[in-house]
Structure formats: C-alpha cells, structure tokens
Amino acid sequence: MSYQEYKEKFQSNKITLEGNVTTAAVLTIPCNLHKNYIHVQANVESQHIFMINVSVVKAGQNYTISISNLYKGIKFPNENSIQVPCQQVQWGTIIVDSKSFYAFDEIVKIQISGAISLKDIFNSNEEILEPEFKIKPVSNQPAGKTIMIRQNRIESKENQNKNQKNKSQNKKEKEKQQELQGLKSILKKSKYMSPLGPREDEPQPEQNVSPTKQEEFAFKEIELDPNNFELLPSPLMTLKHIHGYTPYYQANLKLLDDAYFAYPCQNQLIIMNHDNLEQKYCSTNLPIAAIAVHKHNVILACENKKFYSNHHESAPSEIVIFDFITCTKQAHYQLDGYYGIVCIDTIDDFILVCALDNQQRFSLLYIQNDVVQIKQVSPFHIQNIKFVNKDLFITCGRENIRYWTVKRDTLTFQGHTPYLGNYTRESFFTDILLTPRRILASCKKGRIFQFIDKELTGVWQISDTPITQVTQFDQFIITTHKDGVRFWKLDFSEVVRFIQSDVEVIGCDSSKVLLCAFKNKSIAKVKTDTFQFLVHSHQQDIIDVQTVGKYIITSSLDHNICIWNQDTQLQYQFKCLDGIATSIAKYKQNIIVAFDNGLIRVFDLNNFTLQQEMDTKSPVSKIVGSQQDHLYICCHESDTILLNHQLQIIKTLKFNKPFTAGFNTDLFYIASKELIKIYSVDTLLEKFHLNIQIDSVDLNDEHLLLASDGNLKRFDTQMNFLQELVTKVSYVKASGNYVFCGGDQFMIFDYLFRGDNYGTPSKQIYNQPIRKIAFLDDNIVSFIGDFIFIWEIRGNLNNQAFTIGHPTQRDKLQQFEIVQETQKVKKQQLEKEPKADKTKRQTQIDLQKVQDDQQKKEQRSNQKVSQINDKLSSPKQSPKLDSPLKKPGTPKLVIEDQIPRININSVRGYCFESTSIQQFAWNRKQKFYVLPAVNFLTINFLNEDSNQNLVLIDKILGIHQYVNGIVIINPMKLKLFNNNMEYTKTIDYAGILQCASISLCGNYIALILDQTVQIIELSSGRILTQSIIQRGQSHTYIEWCSKQDLMFVLLTGYSSQLWRVNQRALLEYCDIEIQQMPYRSSANFEIGGKGFIIIAGGSSLSIIDIRTARALVTVDNVVNQDIIQIIASQKYILLLTNSINVYFYPMASTLDFLIKSIQEKPQILSLDSQPVGYTDLDNDIMIATRSSIWYVDLKDKVTLKIQNTIPQNEQALAVEKDIIGSSEGSILIGMEEILVPKRQCLCLEMMNKILYAAFDDGYLRLFKDFKLLGQIKVGKIATSVKCLKTHFLVSNELGQIYYCTGEKEIKMREVQNAEFYITSIDAFEETLGYSTGNQKVQILLRKHNEEFNIKKQKVEDEPIQYYLIDSYRFRSIDPALMKFSKTQKDQVIMACNQVVVRNFIEHLNIYIIDTNVLQFGQIDDYIVVGRSDGSLSLYDNEIELDKIQLGQKIHLIKDRQIAFGNLVCQI
C-alpha cells in the first residue's frame, strides 16, 4: 500500500475532535463502523477517572465493551457486556481490538465519559498508525504510550516500536472500506473542517436509504445509567416533508432520473418524486449555491451567505458529493480561499466550479478526484459554465461568450472569445445549450445565438422579454421567460406552444418530463399546456403557524396566508395586500387572523372565503382562542381586548406591549417581555402576575412553563416556582409526556425533566432550528425563516405513563415578585358631554366619508354611461340606499331611466342575523309585516293587490317597532321609517351592537355597545345618556319595564340588574335580589296598577316587584325546555323555547291567580320548527320559525302558515319559476312542500305540468300534483336535467348524458360521455351543449341516419348519435357553465371566472367579460352576472350597466330567479 493510499484511507475514517469531557457530561457518538481497531487519542490526568463504552451489534444482539481505569480486572456483568481495565494515559493512544471481544457485524456507538481530553478517533484494520497520524506532542511534552486493549491481555507499547509497525502494515484488509456516517458530537466543534476528510461532526435531518425506505433521523441523545430514567432509545420524530425552495443565483433544479428531481432548501438538498411527491434529504453544513449531476451522484457547491459582509470570518466554500439513490455522502472537501459559488458543472471524474475569491473575483477551479488541479482567475464576468468535453468548456456572462481549453502541461486555461460584432454591447448571456451539431446561448435581450466550430453563425430575436434558460425537450427547443415557457421548432421558425405564467420562470430541466422553476420559489411540471405545481414556498419569513382540522395554516411577511393540506400540498392562498398577518388562531372550524393594520378577519376553510371582518383600530400582535371557542384574546401595543364567540368586545385590559397569550381550561395569561399576568376565564379578573424576563410561555392545567434568558422554568398555576433547567432555549411547548423546546436546536425533554442521579435530564436533540411548533394528528409542524418542516411522530406522545406532580416545598426566589390580587372591580360612570362631543365629531367624519364615496360612485357611473350608444346615453344617478318605499297599492320599486337597471321585484324568504330570537314588525292596521333578508327589507302584505315591497338597505342587525313606525338597525346606523314605511331619518352610533330595545313610550332606544349602555332619543337623534357596564362573554339581554319611568332590565349571564335614568339624566342601577342562574329574557306587565317583571332563566320563571327589585316567587320546571324568549301583554304571557311548541298563559286579574296559573301546566300550540323571530303580542302574534311565518291566534288557539321558505342553515340550490329546491331535499311549491329527506336537489325543470328534479343520490325523480310519478337511477349524482318537447336529457358526475323518454316507465339511452363531471347541459332543437368541471364547453349536433329514415321504422328505435361541432376550454381551476343564447341561435354563453359569448358555428368569440363570475343568466339582450361576494351586475356586451349587492354568495341564476343563501329573488 502506498503512503498516499494509506493517508486517504485513514483520513476518510477519522473523527476530528478537540475538547474536554467533564465528569457531569457524557459524549455519545452514533456511528456505523465495521473495522477491527478503534484508535482513541486522549489524555487523562492523574487521579481522574474515565470510561469508554463501545456498543457493537452481532446478529441483531447488542453487546457492550466497557474500558475504564476504575476497573480492577476483567468482569462479565451479564452475557452481553464485558468490563476491561485500562491504565492511565497521558496524551497517548488507546487502541481497542474490538473483534477480539465479539465477532461483531457493526460498531453502532462510542460513548465517552469522565474527566478526559480528546483529540481524534480512527477506525481501521491496521493495529499501528503511520507517524503522520499519531498524536502530536502537546505543550512540548513527549508523546505518551500506546495502550492496546485485547481480550485476555493488555499490552503497553512504545510509539517507536518499528517491528510492530512493519508487522501491521503487511496485514490484508479484512473487510471492504466504508465511509463513516452519522457521527455526532456534543463537544465544541472545530471551526473549520479538515480539507480532505468527510465533515461528519454535525447531525442533520434524516437521510434516506432508498426511494421507499428512510433511515432514522440523526439526533443526539444524552444516554444515562440504565437504572435511571431516560427517553426512548430511538428518535421520537422523523422528518416527513419540507416546504421550501431557495433558487439562489440560478434555478438549481435538476432531474436525477425518470422519477426524481433535486432542488435546494437552504442547507438541505430535497430529492422529490414528481409523481407521488415523496421526499428524501441530503444535508450540508452551508447553504447550497449550485447543483450538478453525474450518473448516480449529485455534486453540491455550498457557500456561506455572510461572506459578502465579512468573508474573513466565514467558512470557505465546500464541495459535497452524495449518492442520490442511497443519500449517502461520497466526498466532502473545502475550497480554501473561496467564499462564494456562482455555478458548477461536471463530466466524468472532473468538476468545474466558478467561485469568488476573497477579492470577489471570478475564479475557475478544475477539480479531479477531490483535488483542485487548476486555479485561474477570469477577467470576464461569468454567469454559467458548461463542459463540452473534459478538455474544453464554455462560459457565458455579461457581454461575453468564451471557450476555454485545458492545458494539462501548464495547468492553465487558454481562452478564446468568438466574434460577436454589435451584439456584444449590453448583451447579458444567461445560459448555454450543447447539442451534437451546434451550441446555443441565450441572453436577456430575448436573443438566441448559434455557434458552430467556435464561430457565431446565427442570431434569432425570438422575444421581447429576457430569456432565463434554454434547453431541449423532445423535438423542441424550450426557452423560459418572464411571462412563461415557449416551445420552438429546432430552427426557431415557429412557436409551437406557449404556456403563459403570471410569475417569472427562472429555469427548467428536462428528460422525459419538463420541470420549471419560478421566481416565487415554486416548481411545476409541464402538463400539455398547463403547469402542475409540485413545490410551493413563502417568499419571506414565516410569522405564525396554526393547525385546524386537516389543514396547516401559515402567515408570512410576503402578505400571504397559505393553507396546506395533510398531503403536503398548497390547498389555497389568501393574498392580503393591505396588511401582514401577525397571528392565526382557530375559530370554530375556521381560522381567525390578526393583522398589523388592526383588522381581524375570519376565513372560511370550507369554501376559502372571507367570512367576517372587524377593525380594532390598532395593530394586533397576537390573537388566541380558548379551548371551547367562546373567548378570544387580541393583543395590541398598549392594551388587550377580550372578544366573545361572535367577536364582540366584552372587556379591555390595560397591558403594555403584550406579545403572547394563551389558555388552559380555567385560566388565561397575557405576557410581555418582562411581565406575565394570569386571569380567570369565568370572571375575567386578574389572579396573579409575575415579573420575569420572558421569551416563550406555555400554560396547561397543571403547570406554567417559561423560557427565560435561555433557561426553562416551571411554575404551578398559582405562580409557585417548582423547577429550573439550565439550557439554551427560546421557545417551549408541552404536549403529552414531553416538553418541546426550540431555538438553535430542536430539543425534546421528559415532561418532568427526569434524568440521572446527578440531575442531568434525559433529552433528544435535533440539529434543526425552530421558532414555533403546532400539532396535526401524528405530525409536528415547525418553521424557521420561510421554510416549513413537517415531522412524523413515532408512537404516541402519551406512551410513557407517569404521574405528574411537583415538590410540596416552594423554593424561595427573591428575584421574583409574585402578587395576588382579589380586589373587586367597581363600576364606573361615564361623563356625558365629552362622550357626546366625541360621537358627534365621529358622526360628521363618517357622513363626509359617505358623501365622498357617493360622489366617486356617481363619477364612475357617468364614465360607464358615456360608453353606451346614443339611444342609451342619458345620464343616471344611482338609487340611494335609503330610498323610501311606496305605499301599499302603488307600483313596486321601479327606477324610471333610459339605461337598463337591475330591479329586484320580490325576495322569497328571510334571514335573521343573530342566532337568538329576534323581533320583526307587524302593522295590524295596514296588514303588512316586515322581515330582514340580508341586505333587503321585505314588506309583505296580506292582501292580494300588493304582495311585497322592498327596500335595498345595508346589512340588517335588527328590526324594532315603536309608536311612530319601525327602527332598522344597521352597522353603525339606525334608520327610521314611519308607519307607511316611508324613510324619515338616520341616526349614527359608534360601537359593536350586542342587543337593543325600544322603550314603552316609543321615543327612546337602549343599545348595548361593547361595554357601554347607550340611551338615544329617537325624535331628536341625540344621546340622552350612557354608562359603562360590566358584562362577560355570556348572553346579554335588555328590556324596558316601565311606562312612567325610563327603567330597563339588564341580564348578563348570572347578573340581573334594574337600571333607570334619574332626573339628572344619569344612569343608575341596583342588583335584583333573585336566585343566581343564567337568565335569557324578561317581560313586564301590570296588575292592579302595579308594575311587575317576569324573568326567564332555564326552565324557571321569576316574578319581580319593580318597586323593591326583589323576587316575589320563582317557579321551577315550568316547561321541559329552556325558555329562550318571554313575551307579555295585557291578556297573555307567551313563552318561546328551543322546541316547536309555543306555551302561553292567560293574564290573571290578581297576582296570586297568575302565580297559581304559572304553577300549573301552560296551554300549548305547535309549529313546524324552532322559532327565530316574533312580533308584538295582543290577542294574536306572528312567529317566524326556521322555515315558515305563522299567524297565531291565542284567543281561538288557531295557527295559520302564511309564508314558507328555505331554512336559514340551508341553501336554495335549484329554482324553476316559483319552485325552489333546497340543499336538504325539500322542494317548495307555493305553500306546499315535497320532501326527499337528506338529499340535495341540484336541478329543477318543468314540462307539461310534470316536475323533473335531479338529486345528489343519483336519481332523477318526476313529480305531478305533489306525488312521485316515476324515478330512474342515472349515476351517483344526477347533476343536471333539461326538458324538451318529446324527451328530456339528464347528466351525471361521470360525464354521461342520457336521452330519456317516458314518465312512469322511463327509457334511458346514453348519447354522450364527457369522462368528467358535467356541471350544466342545455339543448334546443337538434343542438346539445354541456360544460364540465375541467373547464370544457362542447357543442354537439344530432346526426340522423338516412338509411333508417328510408326504412321508415319507429322513431323510438332510431339510434341517437351526436357529433362535435365546437369546443372551448377555459384556463382556470373552476368548473365551467354554459347556456345557449335566447336571442341568437348560433351563440352560446359560457362562464368560468370570465363570461365568453361565442359563435359556435363560426368558432369565434364575440366578446369576453373579464369578471370574477360564479353564476350567470340572460335577460333579453343583457347578461346578468353573480359573484361569490354577493354582487350582481348587468352587462350590455362588455359594458357594466348596473351593480347591486345582495349580501350573500349567489348560487344560481335561472331566467329571472336568483338564489343566494336560503333566499330567492326575482329581477
């Protein structure tokens, strides 16, 4: 063996160590060694003790060789271990002949403990090392002895024993040499790596063995005495998936084989299968800057980003080579003196690197067999390099293309620059493509240069946009651009295909597939003419992560909120350009997101829409919800607000600069960097606070964990200090029996920090920095920077059973200040004038803003009108929101104008905003009642002359009736109408409305706004008085109770109070003396001239004397259900519950008789469903249930249904004239109903008085006179139906269209198979059209068989065949819709985000309406477009004539019927 071979062999099996092991620490080195001898170079001072444990595996059994100067002789503690004594060594070498003890298969671990100093460790088949590798003298001391450890003998030999050296050199190797893997060290690491040895001193995320099997994640574990507690011997987690991609200077996207491709993610090389998205990983110590592939090896050039600012303190660049099949490291060496990597290429055994030296000059390095053969500085700028052969390569860059020849005799490069002429200046060359006959180069000017025999032979100007990369795929030349990817013929004479992209394509790679990399850090596979995205990334650092159901939600500084599914793919992305999402929390089954602009938004995870928005007026740093989703904490810069489940502000807490908050079952905390306070969930009062430096907080039902100054501190929930762990962490999160800590490393501790007898806790360490974690089923999600790591948990977090407890003795900590506060919060009164002035100023500002907005709308409207032709060009003002309604008997809302406008004639249905029972208005004199319908106020008349009038208004929060008319409550506004429903005035208020009540005199309204009660005089619109109230997150109710005095009852949870306005117009209150229980509602009545209040709580009723505010009697179990609303009049007391029953009592002449009546059973009337609304009570009352309006005559005990609708929690999915089909299978026909339980009615058609209904159970059902006439199974889902004169067509989810005839006995024949979900079908005469879920619209024409007509057979026997006459496909992800034009028989109207009107005979698009369309319809020559935000627009060609807001997502537009939510309107 030559000296060079000997040197390389030992260097490749060397562990470089430098440091001391103390008596309190244990050094564990996981390894994978197979050779006989272990050489440990060490020093042990006199009187010190050391121990070396070598763990080996033989036939699946574990054995341990323990060597120490503590042992007196050789012992066998058990059959699998041996103890061997060893004498003292001073800077010598301990040689362990491992196979003399056990004929092992593998050395899996070396463990060193005690007071010992270490240098290096070697593993070899040679007993004696060369002098080059022996330990060097330390501090001018002579080298120590070499101690041989063998079974049955211990030898001491001098380093100069040449006979033993010669003998060992003649031995043959017993096994094949293998590389060291997974060597770990918890000692201080070397600053730089050995230039020629593999750098194995730092654990990295898992490395896969094969495409189907993954190895254990490499982690460090401090092992302890077997008699003491320790964590599981195997890793608790393995890395499952990484979301992230760092293109660096180039795309760095490389296809490895037919299944896998590689791309960098900081210092991780991710190898992904582009079919099933399986990942495996190769880890480096520095970020990966460039990638090259040769055979089964992938070569990585790594650099330190910090070298630009201070390269003298940075590590040099590195070259790391991996086998991408097994993910094992093949080579690893440094490029001394070079601190930046530009590009890399390889051929055979040669590697060519363009690097930057310490003067940032472009340098070319020619490497063979891990040795740099040639170094040369290039005077030219270099962007890319390509090998032509091993002796010739090409570089390109700014204003140069250069050929370089390798001169091996002089070890230099000789350059040649081809003549470029005028193309030299301002040409930045980006890429080179090598083909057998020519070389192509691309530049940022959009040109392609052709070189043959080192001479320029052609230039093509193919694009106006820069070309980022050029490659060859199949028989095409592929160029990537800022606007997409182009496929060219080989001579660039024609663009064969152009795939457009909204994001710049920065590079690509191809073999059997074509992959593209994008500037937004995403990677996609080209599928025909679209991109199939495989990798998504955030653009900037991630701020927060949360898991809800099956989704992972992340927010980032790039203004994006990304929703990832369990299959590790991006499901949806919200782009919020108006602010950065600072915090995410779970809100029921959705998410609530806080922004730095003060907004709080609720996003629906079912349809990925914005559900609710709230402005808190101040940047939000943290939002968090309770475990029961009934209380939310919103942290601001100077205070913290508490919200209930409806996101209404219930309390404001003063707190300076809070950055985190959280809940357990009974408590919640708010913390800043120096202070943490704990509050009660029930009372919202502070219980404890603690002054301490805080980095992270975790609170559970037993303990409070703090990361403080890098250490981990444990307290109980009463702030009693229990335990402290000195470590280096900045984040803490407990789950099950483990504590997860983050910072520069990911550490896992036992929940009680148990460990050895010396107090050292057992832990697992993963060398992956984290900032926060979240749990998703069996996965842990963490992030650092803009990367997301998904870890798979092995087993259960609760698999180690032990009792959670803490010391009974409290440690005295003088540096902590613990304060317990139990003081009662007193009520405060608010001064009248300052608040009124402030409200007045705010009102003026709001009014001015509204006026400005209206002026802008009018200007935009006038601009649109000017584009219309002359006969439609007269100006028009938009209708005002507060337009008065015409009196009954007059025409309905009709706008007299020359320009067509959207006019809503009627709305069927109603929708109450709150989940509690609300009031609506009933005018008995004029016989009409008023109902809310999202943005509409519907006035429904009981006579036949005028059925319904409408008022288009803002979102309706409540309707209240008073003496002079009706009060409509909108957000921040009160709109007043008289008894004829004519608009009178608007009164502004400030705050979030909780509940409201009209005084008995009819001139005042009481509003509960946030933490304030406000009394407003309706006649003048001024605020009479207001005061602060204390209310929790529970239900709040207010009801006036006296005609003579301004008195009202306020019920908030368990609190019941009686308030009144005194002579000084100030509010004062007293507590009602009553049994404590949650009260929901109240009513007032008079008996014998005395006033009383009756309050309902649960199933109990309490009668209160107004004068004394004391309960006279409480009757329990009045009804079997909880009483939701109580209504009283001079004749009756009526109870509404959460059942279908209405309970009532006749009013008695004396109080005793009334009490006796209540103690007996009430009278009962039954409705169809639970009540949601009611009117005022006399002898009769109107009650709105979930699906009907009922007239209830209590005197005659009669109920009459006067209106029905789709229930509020359902949707109107199908309409046909006055017939409505719902999402729960009910079909409403006038006042009658056809019920098909638990089936969604998807489509309705009427022909010859027969109703055709398609359901999601796959059946098409025919009804006549409310009876089932016939039915037929067409698939799993019957998606659409179309009736013609002689037959009808029906489609299913598989893309099949059937031609059907008959009624009772239906005959069905398949006429078309689209092989995809059919969303709509339409037909007229012989023409058939359909649209699919994959964005296709196809038009077919029936083909008649002439031969069949000659034979004159029966028409029913004629084969039905259609042939394709036109096809169109949208570029979108939404399903397409289509309808034939009603006015032009050769035109079809299609929609998929945009509306396209197309002539299917001439195959031409007539015009396109670019709008975010969800549904569409045709009225005369105009197109009506509905959107998911509830807006409805009217178009004439491409001009928008009118637009209104319906308030809910529009599900369907058919003829003049529009379905939105549970409502249907007619236009």
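Computed from a prediction, not measured in an experiment: that's the story for all the values here.

Time to look at the overall build of the protein chain. A count of helices and strands for the protein chain gives 6 helices and 126 strands. Of all intrachain contacts in the protein chain linking residues separated by at least 6 positions in sequence, the fraction that spans at least 24 positions is 47%.

So, about the sheet that holds strand β52 (residues 631–635). Taken together, 4 strands build an open sheet; the order of strands is β51-β52-β53-β54 and the sheet is antiparallel. Both edges of this open sheet fall to β51 (622–625) and β54 (649–654), since each of them pairs with a single strand only. Across the sheet, the mean angle from the axis of one strand to that of its neighbour is 15°, orientation sign disregarded. Where β52 and strand β53 (residues 639–644) come together, 5 bridges link them in antiparallel fashion. Pairing of C634 across the sheet is with I641, part of β53.

Here T465 is to be found in the loop between β34 (455–461) and β35 (467–473). In this structure the side chain of T465 is engaged in a polar contact, spanning 2.8 Å, whose partner is the side chain of S463. In terms of polar contacts, T465 uses its side chain to reach the side chain of H481, at 3.3 Å. With residues near it in sequence (within four places) discarded, T465 still touches K444, G446, H481, K482, D483 and R486.

For the rest of this paragraph, the subject is the sheet that holds strand β22 (residues 328–335). Strands sit in the order β19-β20-β21-β22 across an open sheet of 4 strands; the sheet is antiparallel. Looking at the sheet topology across the chains shown, the edges are occupied by β19 (288–294) and β22. Here the strands of the sheet are splayed against their neighbours by 15° on average, with no regard to which way each runs. As paired elements, strand β20 (residues 297–302) and strand β21 (residues 317–323) share 6 bridges and run antiparallel to each other. From the neighbouring strand, V298 faces β21, where its bridge partner is F322.

This part is about the confidence of the model for the protein chain. Residues at a pLDDT of 70 or more form 82% of the protein chain, whose mean pLDDT is 80. Throughout residues 307–312 the model reports pLDDT below 50, and contacts reaching past four residues in sequence, or to other chains, amount to 12 contacts.

Positive phi outside glycine occurs at C327, with the angle close to 60°. Given a relative accessible area of 1%, C327 falls into the buried group. With phi around 50°, L411 is a residue other than glycine that occupies positive phi space. Counting through the fold element by element, L411 comes out in the loop between β29 (400–407) and β30 (412–416). According to the relative accessible area criterion, L411 is partly exposed, its value standing at 44%.

Following the criterion strictly, the structure yields 46 aromatic pairs and no others. Ring centres of F977 and Y983 lie 5.9 Å apart, and the angle between their planes is 70°; on these two criteria the pair is classed as edge-to-face. By relative accessible area, which is 0% here, F977 ends up buried. Relative accessible area serves as the criterion here: at 27%, Y983 is assigned to the partly exposed category. Ring centres 5.7 Å apart and planes at 65° place the aromatic pair F1380 and F1400 in the edge-to-face group. Taken as a pair, F1380 in strand β117 (residues 1377–1380) and F1400 in the loop between β118 (1387–1399) and β119 (1404–1413) lie far apart in primary sequence, 20 residues in all. By way of ring pairs, the aromatic residues Y738, F740, F746, Y766, F775, F789 and W791 are connected into one cluster. Taking NZ or CZ as reference, K444 lies 4.2 Å from the ring centre of F428, over its face.

Moving on: the pairing of β29. Most of β29 is tucked away, with 6 of its 8 residues classed as buried. Where strand β28 (residues 392–397) and β29 come together, 6 bridges link them in antiparallel fashion. Across the sheet, residue F393 finds its bridge partner in β29, namely W404. Where β28 folds back onto β29 in an antiparallel hairpin, the turn is made up of 2 residues, including E399, whose phi is positive at roughly 60°. Here β29 runs beside β30; their pairing, made up of 5 bridges, is antiparallel. By the bridge assignment for β30, K407 is matched with T412. Between the end of β29 and the start of β30, which pair antiparallel, lie 4 residues, with L411 showing a positive phi angle near 50°.

Before going further, it helps to spend a moment on the side chain of D639. Counting through the fold element by element, D639 comes out in strand β53. Each residue touching D639, except ones within four places of it in the same chain, is listed here: C634, T652, L653, K654, F655 and P658.

With that settled, consider the pairing of β22. Residues in a regular strand point their side chains to alternate faces of the sheet. The buried fraction of β22 is high, at 7 of 8 residues. Note that β21 and β22 share 7 bridges and pair antiparallel. Considered in β22, the bridge of E318 is made with Q334. Remark: 4 residues form the turn of the hairpin made by β21 and β22, two consecutive strands paired antiparallel; C327 in that turn has positive phi of roughly 60°.

Let us now look at the state of the cysteines. Note on terminology: a disulfide is the covalent bond linking the sulfur atoms of two cysteines. Here the structure, examined in full by the defined rule, presents 0 disulfides. Between C282, a free cysteine, and C327, which holds the nearest cysteine sulfur, the sulfur-to-sulfur gap is 3.7 Å. Overall, the relative accessible area of 0% leaves C282 in the buried class. C635 provides the cysteine sulfur closest to C634, a residue in no disulfide bond, and the two sulfurs are 7.0 Å apart.

The next thing to look at is the pattern of salt bridges. Scanning all chains against the criterion turns up 37 salt bridges. Of the charged contacts in the structure, one is a salt bridge between R425 and E399, with a shortest N-O distance of 3.5 Å. Taken as a pair, R425 in the loop between β30 and β31 (429–434) and E399 in the loop between β28 and β29 lie far apart in primary sequence, 26 residues in all. With a relative accessible area of 62%, R425 lands in the exposed category. Given the relative accessible area of 28%, E399 is considered partly exposed. The closest approach of N and O atoms between D786 and K521, which form a salt bridge, is 2.5 Å.

Among all positions in helix α5 (residues 1151–1159), only L1151, L1154, I1155, S1157 and I1158 are buried. Buried residues of α5 fall within an arc of 160° about the axis and therefore sit on the same side. Away from the buried face of α5 by more than 90 degrees, exposed residues D1152, F1153 and Q1159 are located. Where α5 is buried, its residues meet β89 (1081–1087), β90 (1090–1097), β91 (1100–1105), β92 (1110–1115), β94 (1132–1137) and β95 (1141–1146).

This next bit is on the environment of L1046. Mapped onto the secondary structure, L1046 falls in the loop between β85 (1036–1040) and β86 (1047–1052). Relative accessible area serves as the criterion here: at 18%, L1046 is assigned to the buried category. Beyond its immediate stretch of four places on either side in the chain, L1046 contacts Y1004, L1024, W1040, W1059, R1060 and V1061.

Below, the discussion takes up the nonpolar core. One finds M237, Y245, F261, Y263, F740 and F746 to be the most contacted residues of the largest nonpolar core, which totals 36 residues. In terms of residue count, strand β69 (residues 787–793) provides more of this core than any other element does, 4 residues in total. Counting 34 residues, the second largest nonpolar core, distinct from the first, contains V21, V40, F104 and I116.

Turning next to the environment of Y281. Relative to the helices and strands, Y281 resides in strand β18 (residues 279–283). On the basis of relative accessibility, which here comes to 0%, the residue Y281 falls in the buried class. Sequence separation between Y281 and C327 is 46 residues; the distance between their C-alpha atoms is 6.9 Å. Within the local environment of Y281, its side chain forms a polar contact with the backbone nitrogen of H241, the two atoms lying 3.3 Å apart. Side-chain polar atoms of Y281 contact the side chain of Q279, separated by 2.8 Å.

Another point: a negative patch on the surface. There is a patch of like negative charges on the surface, built from D666, D682, D701 and E702. With respect to the helices and strands, D682 occurs in the loop between β57 (675–680) and β58 (686–691). A residue is classified by how much of its surface remains accessible, and D682, at 65% relative accessible area, is exposed.

Inspection of the secondary structure puts Q1075 in the loop between β88 (1067–1071) and β89. The exposure class of Q1075 is partly exposed, given its relative accessible area of 45%.

Parameters and conventions
- Residues numbered from 1 in each chain as written.
- Predicted model: local features only at pLDDT ≥ 70, side-chain atom pairs only at ≥ 80, totals over all residues.
- Heavy atoms only, no water.
- Helix = DSSP H or I, 4+ residues; strand = E, 2+ residues; numbered from the N terminus.
- Contact = heavy atoms within 4.5 Å.
- Pairing = 2+ DSSP bridges.
- Axes fitted to C-alpha atoms, helices over the stretch in contact; angles between N-to-C directions.
- Polar contact = N/O pair within 3.5 Å; in protein donor to acceptor, adjacent residues only side chain to side chain.
- pLDDT = per-residue confidence, 0-100.
- Buried < 20%, exposed > 50% of the residue type's maximum accessible area, 1.4 Å probe, protein only.
- Phe/Tyr/Trp six-rings, centres within 6.5 Å; stacked < 30°, edge-to-face > 60°.
- Lys NZ or Arg CZ within 6 Å of the ring centre and 35° of its normal.
- Disulfide = S-S within 2.5 Å.
- Salt bridge = Lys/Arg side-chain N within 4 Å of Asp/Glu carboxyl O.
- Arc of directions from axis to C-beta.
- Core = buried A, V, L, I, M, F, W, Y, C linked by side-chain atoms within 4.5 Å.
- Patch = residues over 30% accessible without salt bridge, like charges linked within 9 Å, V, L, I, M, F, W, Y side chains within 5 Å.
- Areas by Shrake-Rupley, 256 points an atom, 1.4 Å probe, with all protein chains shown as cover.
- Lys, Arg positive; Asp, Glu negative; His and termini not counted.
- Charge placed at Lys NZ, Arg CZ, Asp CG, Glu CD.

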